[in-house]
Structures are given as C-alpha cells and as structure tokens.
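Chain by chain, the residues run as shown.
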Amino acid sequence: MLKLLDQLLDRRLARCLLCGTGEEIHAGICAPCQGDLPSIQHACARCALPLKNASDHTCPRCLQQPPPQSRSYVCWNYAYPVAQLVQRFKYRRDFAAGRTLAELAAEQIGRKLHSSERPDLLIPVPLHWRKQLTRGYNQAQLIADILGKHWQIPVDSRALRKVTHTGSQQQLRRSQRLKNLARSFAASPRVAGLHIGLVDDVITTGATVEAATQSLLHSGAVRVSTYALARTP
C-alpha cells in the first residue's frame with residue numbers, strides 16, 4: 001500500500017503543485033515557485049521566531065523566559081503559498097503537498113545541522129487518539145518519517161503520547177494554550193539520555209512544543225531540538 005502511495009505521489013509530483021508546469025521540478029515544485037516560498041532568513045535560535053536584526057540571536061521573550069527546548073529549526077513563514085500547502089496537507093489529505101514541504105525542509109535544515117547538533121531520535125508531536133481517529137493520520141508523523149529518511153535518524157512515534165484531548169487551539173492566546181496543554185503529554189522512559197528531535201508541522205505560539213518538550217525532559221531526555229515546516233510570526 002505504501003509503495004503504491006509513493007508511486008501515485010511520484011506521478012503527481014512530476015508537475016509543480018503550485019503552477020502546474022512540468023519544467024525544473026524538484027520535490028514537486030518548480031524552481032521559480034520554490035524561489036517564491038517565504039523563507040525565514042533570520043530567526044531566534046530558541047523558538048524560531050523571525051527576527052529583523054541579523055545581529056540578534058534570541059528574541060526578547062526567550063531572553064526573559066527561555067523555553068525548555070535548546071534549539072528550533074523552521075524553514076518558512078506561515079504565509080502564502082506555504083500556508084495553503086500546509087492546510088491542503090493537514091485537512092484535505094493532500095499528501096503530495098506535505099511530502100514536497102517535508103523534503104524541501106529536510107534538505108534546507110540538513111545543510112545547517114552540524115554533526116554535534118544531530119538528534120539521536122526523531123519524535124513527531126502526537127495527536128490525541130480521538131483527533132487522529134477523526135483525521136486518519138498524524139501530519140507530524142509523515143514529516144518526521146521524511147526527515148528521518150533524509151538524515152538517517154530513527155523515528156519513534158510511540159515515545160510520546162497525547163493523553164489529554166485539548167480540542168482546537170487555533171483561536172486561543174499563548175497563555176490559554178499553555179494552560180490547556182499542561183500535563184497533556186506523556187513521554188516514555190526510553191527517551192532517557194537522548195537528544196530528541198521533536199517534529200511538528202507549524203509552530204504558532206510555541207505552547208505545544210514547549211509542553212511536549214517538558215514531558216520529554218521530565219522522562220530523562222538530555223536535550224530537545226524542535227523542527228517544523230513553518231512559523232507563525
């Protein structure tokens with residue numbers, strides 16, 4: 001089944017997902033459209049929030065209250081056309097859109113990862129079983145699988161569980177999200193002593209990855225780095 005899905009995706013990715021042309025295609029997108037993706041040129045090392053000044057390494061919030069993750073890597077601003085591709089992938093089962101973004105992210109982030117910064121294990125941010133049952137898949141899992149394949153790092157989708165159903169948090173502020181997410185994740189003891197790479201699709205306020213990171217560290221992970229496709233400014 002997976003092989004058939006890959007064959008179908010390969011056939012679809014022969015033309016650009018954005019403009020439909022069949023020339024200069026790489027990972028399902030043509031060179032001109034790839035150049036139009038809203039890349040983040042400079043960001044906070046801790047939370048990946050885009051920064052205006054190239055001389056800044058950390059945003060004001062992380063300086064005042066450092067998040068639990070040690071590093072965050074994100075490729076694009078959550079804006080057109082990346083936002084549309086993410087929504088197609090996340091809500092409309094457009095796996096070709098997700099595969100395109102994940103493969104481009106694997107290449108882009110991979111060029112920045114020094115050997116000392118490579119995680120020992122990749123873990124996707126989990127969905128609560130009710131949400132996963134409704135959606136049918138976890139988009140973070142599919143992204144993690146592609147990153148792991150490119151970087152040759154194992155992926156463990158069972159080392160972190162979402163134990164509390166928090167519902168949609170899209171309209172909530174950061175403080176409300178943090179309150180809802182408190183103690184909503186449970187990590188396996190097998191993360192102890194490892195540098196974990198936590199994978200998600202979009203970082204919005206950072207509340208989800210912070211809550212998941214806290215759980216991983218509580219179970220003995222020595223370090224957590226986060227990886228995502230896009231960041232909401």
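Shown above is the structure to which this text applies.
Residues numbered from 1 in each chain as written. Predicted model: local features only at pLDDT ≥ 70, side-chain atom pairs only at ≥ 80, totals over all residues. Heavy atoms only, no water.

### Things to note about the nonpolar core
Working step 1: Ranked by size, the top nonpolar core spans 36 residues in total, and within it Trp-76, Leu-147, Trp-151 and Tyr-227 carry the most contacts.
Working step 2: Those elements that place two or more of their residues in this core are β2 (29–30), β3 (71–77), α4 (82–91), α5 (95–110), α7 (139–151), β7 (195–203) and β8 (223–231).
Working step 3: Looking at which element gives the most residues to this core, the answer is α5, with 8 residues.
Working step 4: Apart from residues lying up to four places away in sequence, Leu-147 is in contact with Ala-102, Ala-105, Ala-106, Leu-122, Val-199 and Tyr-227.
Working step 5: Ile-123, Ala-187, Val-191 and Ala-212 belong to the second largest nonpolar core, which has 21 residues in total. (Core = buried A, V, L, I, M, F, W, Y, C linked by side-chain atoms within 4.5 Å. Buried < 20%, exposed > 50% of the residue type's maximum accessible area, 1.4 Å probe, protein only. Helix = DSSP H or I, 4+ residues; strand = E, 2+ residues; numbered from the N terminus. Contact = heavy atoms within 4.5 Å.)

### What to know about the pattern of salt bridges
Working step 1: Under the counting rule described, the total for this entry stands at 5 salt bridges.
Working step 2: Residue Asp-201 pairs with Lys-90 through a salt bridge whose shortest N-O separation is 3.2 Å. Residue Asp-201 is located in strand β7, and its partner Lys-90 is located in helix α4; the two are separated by 111 residues in the primary sequence. Residues Asp-201 and Lys-90 agree in their burial class; the two are buried.
Working step 3: The residue Arg-99 makes a salt bridge to Glu-103 at a minimum N-O spacing of 3.2 Å. Here the residue Arg-99 and the residue Glu-103 both occupy positions in helix α5, the gap between them amounting to 4 residues, near one helical turn.
Working step 4: A relative accessible area of 16% places Arg-99 in the buried class. (Salt bridge = Lys/Arg side-chain N within 4 Å of Asp/Glu carboxyl O.)

### Observations concerning the pairing of β8
Working step 1: Of all 9 residues making up β8, 8 are buried, and the element is well covered by its neighbours.
Working step 2: As judged from the 8 bridges shared by β7 and β8, these two strands associate in the parallel manner. Within β8, the position partnered with Ile-196 by the bridge is Val-224.
Working step 3: The β-α-β motif built from β7, the intervening helix α9 (residues 207–218) and the parallel element β8 has right-handed crossover chirality. (Pairing = 2+ DSSP bridges. Right-handed = clockwise from strand over helix to strand, strands pointing away.)

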